[in-house]
Amino acid sequence: MRSAMVERKTGETDITVRLELDGRGVYQNNTGVGFLNHMLDLFAKHGHFDLQVSCTGDTDVDFHHTVEDTGICLGQAFAKALGEMRGINRYGNFLLPMDETLVLAAVDLSGREFLNFDITIPAQKVGDFDTELVKEFFYGFVRSLHVSLHLKLMAGENSHHIIEAVFKAAARALKEAVALDPDIAGEIPSTKGRLL
C-alpha cells in the first residue's frame, strides 16, 4: 500500500493529510476554504487518489497560509507514499480541455524542484478565493515533493474553469507519473540510481 499520513502544526495552520496513491478517488476534504476543498476533491477524483485533508487555519486573516500549507503537506504526503520511487513511470503529462479552457500539465518526479506556472487567471477572485493563491499552492507542493511541474494555459477565459482545469490536469499527469510500470518493477527510473 503506497499511502502516507502527514501532520503539520504551525502558529498559522494545523493540517492532517491522508493519501493513498492506489486508491479509487475517494475524498473528504475540509480546509475551511470552500473553493480549495472543491479543487482538492477534483484532484483526488481525477488522479484516482484517496485523499483526506483536514485543516484549521487563520482564515480570519485570509486564506494564504491555509492554501500554501495544504500544498506543502500534500507534497510531503506524495513524497512519503512514493518512498524511493522504485518502479514508477516517473514522467506524466495531460492536456485537459474544459469548455473554452485548455491546460497542459507535465511532471517529472526527478527529485529536483521546479515550477513553471504559465497560467494567467483573469479575475482576482473566484467567490472569496484569491486566485493568486493557486500558484502558492503549487509552489508549496513542488518544494515538498521535489518535483518538476509545468502548467501551461493554452486557451481559456473563465477563471473558475482555468483553475479547475489546472488541478484536474495536474492530477492526471501525476496519476501517470506515480503509476507502477511492470517492465521496471523495483527499479529506480534514473541512471543515477536514485531520485531523491
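Report follows, based on the coordinates. (Residues numbered from 1 in each chain as written. Predicted model: local features only at pLDDT ≥ 70, side-chain atom pairs only at ≥ 80, totals over all residues. Heavy atoms only, no water.)

Describing the sheet that holds strand β7 (residues 114–118)
Next, step 1: Taken in spatial order, the four strands make up an open sheet running β5-β6-β10-β7, and their pairing is mixed. Looking along the sheet, the strands with just one partner apiece sit at the ends: β5 (91–98) and β7. The mean inter-strand angle of the sheet, taken between neighbouring strand axes irrespective of direction, is 10 degrees.
Next, step 2: Strand direction decides the pairing type here: strand β6 (residues 101–108) and strand β10 (residues 148–155), joined by seven bridges, are antiparallel. Following the sheet pairing, Val103 is matched in β10 by Leu153. (Pairing = 2+ DSSP bridges. Helix = DSSP H or I, 4+ residues; strand = E, 2+ residues; numbered from the N terminus. Axes fitted to C-alpha atoms, helices over the stretch in contact; angles between N-to-C directions.)

Quick look at the packing of helix α1 (residues 34–47) against helix α2 (residues 64–82)
Next, step 1: Following both chains from N to C, one finds α1 and α2 inclined at 20 degrees, their axes separated by 12 Å at the closest point. Comparing their axes, α2 and α1 come out roughly parallel. Like other packed secondary-structure pairs, α1 and α2 cross with a definite hand, here right-handed. Of α2, the residues touching α1 (which contributes Leu36, Leu40 and Phe43) are Thr66, Val67, Thr70, Leu74 and Phe78.
Next, step 2: For the contact of α1 with α2, a count of residues per class yields six nonpolar, two polar and no charged. (Parallel < 35°, antiparallel > 145°, perpendicular 65-115°, else oblique. Left-handed = near helix turned anticlockwise from the far one by under 90°. Contact = heavy atoms within 4.5 Å. Nonpolar A, V, L, I, M, F, W, Y, C, P; charged D, E, K, R; others polar.)

A short note on helix α3 (residues 133–145)
Next, step 1: Taking 1.5 Å of rise per residue, 13 residues should cover 18 Å, and α3 covers 18 Å from first to last C-alpha, within 8% of that figure.
Next, step 2: Residues of α3 that are buried include every one of Leu133, Val134, Phe137, Phe138, Gly140, Phe141, Val142, Ser144 and Leu145, and no others.
Next, step 3: Each element contacted by the buried residues of α3 is listed here: α1, α2, β7, β9 (129–130), β10 and α4 (159–178). (Expected span 1.5 Å × (residues − 1). Buried < 20%, exposed > 50% of the residue type's maximum accessible area, 1.4 Å probe, protein only.)

Quick look at the sheet that holds strand β2 (residues 13–20)
Next, step 1: If you walk across this open sheet you meet the four strands as β1-β2-β4-β3, and the pairing is mixed. Bordering the open sheet on either side are β1 (3–9) and β3 (27–30), each of which pairs with just one other strand. The sheet shows a mean angle of 5 degrees between the axes of neighbouring strands, direction not considered.
Next, step 2: When β3 meets strand β4 (residues 50–57), the two strands line up parallel, connected through four bridges. Residue Tyr27 lies in a different strand from β4, and its bridge partner there is Leu51.
Next, step 3: Where α1 meets the sheet, it contacts β3 and β4, and its direction lies at approximately 160 degrees from that of β3.

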